[in-house]
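# Structural characterization, general
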Amino acid sequence: MSRWTALLLAGARGPEDPVAKAAGVDFKAFAPVAGRPMMAWPLDALAGCGRVETIHVSLDPTAPDPPAPGVLRRASGASPAQSVLEAFEDLGPPLLVTTADHALLTPAMLDAFLDGVERRGADLCAGVARREVAERSGRGGRRTWIRFSDRALSGCNLFALRTSAAAGAVAFWRRMEALRKRPLAMAMQVGPWTLARYAAGAMSSTAAERALSRAFAARAALVELSDPDAAHDVDAPEDLAFAERRLRELSPR
């Protein structure tokens, strides 16, 4: 069983971040949820996972220290992709990446994800949940689904960079960030035929894994999670209220 280094992304989103504004804090990661800074919840989950040896937190230099003992602080990059790229260059594989706004993360979710990573054996894995699973949590409101021909999925903010080849995927993510204002250039990075198939609803999730593997020059795989809360992060004030309610329902965790 592999032992993992973990990276928690907790960089600043700017003064207009809706969650930070709603909570009246300078940094989203420190928005209070069920009486604690939001990032304390995923830090607890990482600390409670027996496969995680070391936890690093990527933070803005002006942010307070992480609300957990024993974690290692590092300066966040100019973007999430840059933060992961710099951490991966410094720490190497295997690196488990998640986010400070994954307030409902649990050690059981992490174990299920890492079990799936070991089964798939890819260079890079991303956690996902089927729409019908995510909707069982009872969270209302609209959300974005990744719609393949065989299933609709939501991301779970869990990524496993299992081998050194995963650096290709992080570099690809960084290029896409740099091209975010040039949609045609972004399309060419993925491949126009791939985008056309996806837009037409003709791409399966397995075909998407193959297409991403070609783009990354590394083997990519999706790992399905069965916990309805795994697909819920805190991107908006209504997500904050949902996380607060769920944590109080589930307490003690």
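One can find the structure itself at the top, above this paragraph.
This write-up is about the structure you can find in this document. (Residues numbered from 1 in each chain as written. Predicted model: local features only at pLDDT ≥ 70, side-chain atom pairs only at ≥ 80, totals over all residues. Heavy atoms only, no water.)

This brings us to the environment of Thr106. One can find Thr106 in the loop between β6 (95-99) and α4 (107-120). Residues Thr106 and Ala47, spaced 59 residues apart in sequence, show a C-alpha to C-alpha distance of 9.8 Å. At 3.1 Å, the side chain of Thr106 and the backbone nitrogen of Met109 are in polar contact. (Helix = DSSP H or I, 4+ residues; strand = E, 2+ residues; numbered from the N terminus. Polar contact = N/O pair within 3.5 Å; in protein donor to acceptor, adjacent residues only side chain to side chain.)

Overall, the coordinates contain two aromatic pairs when judged by the stated rule. Taken together, a centroid distance of 5.8 Å and an interplanar angle of 75 degrees make the contact between Phe148 and Tyr198 edge-to-face. In this pair, Phe148 is assigned in the loop between β8 (146-147) and β9 (152-161) and Tyr198 in helix α8 (residues 192-199), connecting sequence segments 50 residues apart. Given the relative accessible area of 15%, Phe148 is considered buried. For the pair Phe172 and Phe216, a centre-to-centre distance of 5.2 Å together with 65 degrees between the ring planes defines the contact as edge-to-face. In this pair, Phe172 is assigned in helix α6 (residues 167-178) and Phe216 in helix α9 (residues 205-216), connecting sequence segments 44 residues apart. Considered together, Phe172 and Phe216 belong to a single accessibility category, that of buried residues. Looking at Arg36, its charged tip hangs above the ring of Trp41, at a distance of 4.7 Å from the centre. (Phe/Tyr/Trp six-rings, centres within 6.5 Å; stacked < 30°, edge-to-face > 60°. Buried < 20%, exposed > 50% of the residue type's maximum accessible area, 1.4 Å probe, protein only. Lys NZ or Arg CZ within 6 Å of the ring centre and 35° of its normal.)

We now examine the nonpolar core. Ranked by internal contacts, the top residues of the largest apolar core, which has 40 residues, are Met39, Val57 and Phe113. Every element with two or more residues in this core is listed here: β1 (4-9), α2 (40-47), β4 (52-59), α4, β7 (124-130), β9 and β10 (220-224). Top element by residues in this core is α4. It accounts for five residues. Sequence-distant contacts of Phe113, that is, excluding residues within four places in its chain, are made with Leu96, Cys125, Ala126, Gly127, Leu158, Phe159, Ala160, Val223 and Leu225. By size, the runner-up hydrophobic cluster in this structure holds 18 residues, among which are Leu85, Val97, Ala169 and Phe172. (Core = buried A, V, L, I, M, F, W, Y, C linked by side-chain atoms within 4.5 Å. Contact = heavy atoms within 4.5 Å.)

Taken as a whole and judged by the stated rule, the model has 17 salt bridges. The partner of Asp90 in a salt bridge is Arg74, with the nearest N and O atoms 2.7 Å apart. Separated by 16 residues along the polypeptide, Asp90 in helix α3 (residues 80-91) and Arg74 in strand β5 (residues 72-75) bring together distant segments of the chain. Judged by relative accessible area, which is 55%, Asp90 ranks as exposed. When its relative accessible area of 15% is taken as the criterion, Arg74 is described as buried. Measuring nitrogen to oxygen at the nearest pair gives 2.9 Å for the salt bridge that ties Glu224 to Arg130. One end of the pair, Glu224, is in strand β10; the other, Arg130, is in strand β7, with 94 residues separating them in the sequence. One network of salt bridges, with partners in common, ties together Arg51, Asp111, Asp115 and Glu118. (Salt bridge = Lys/Arg side-chain N within 4 Å of Asp/Glu carboxyl O.)

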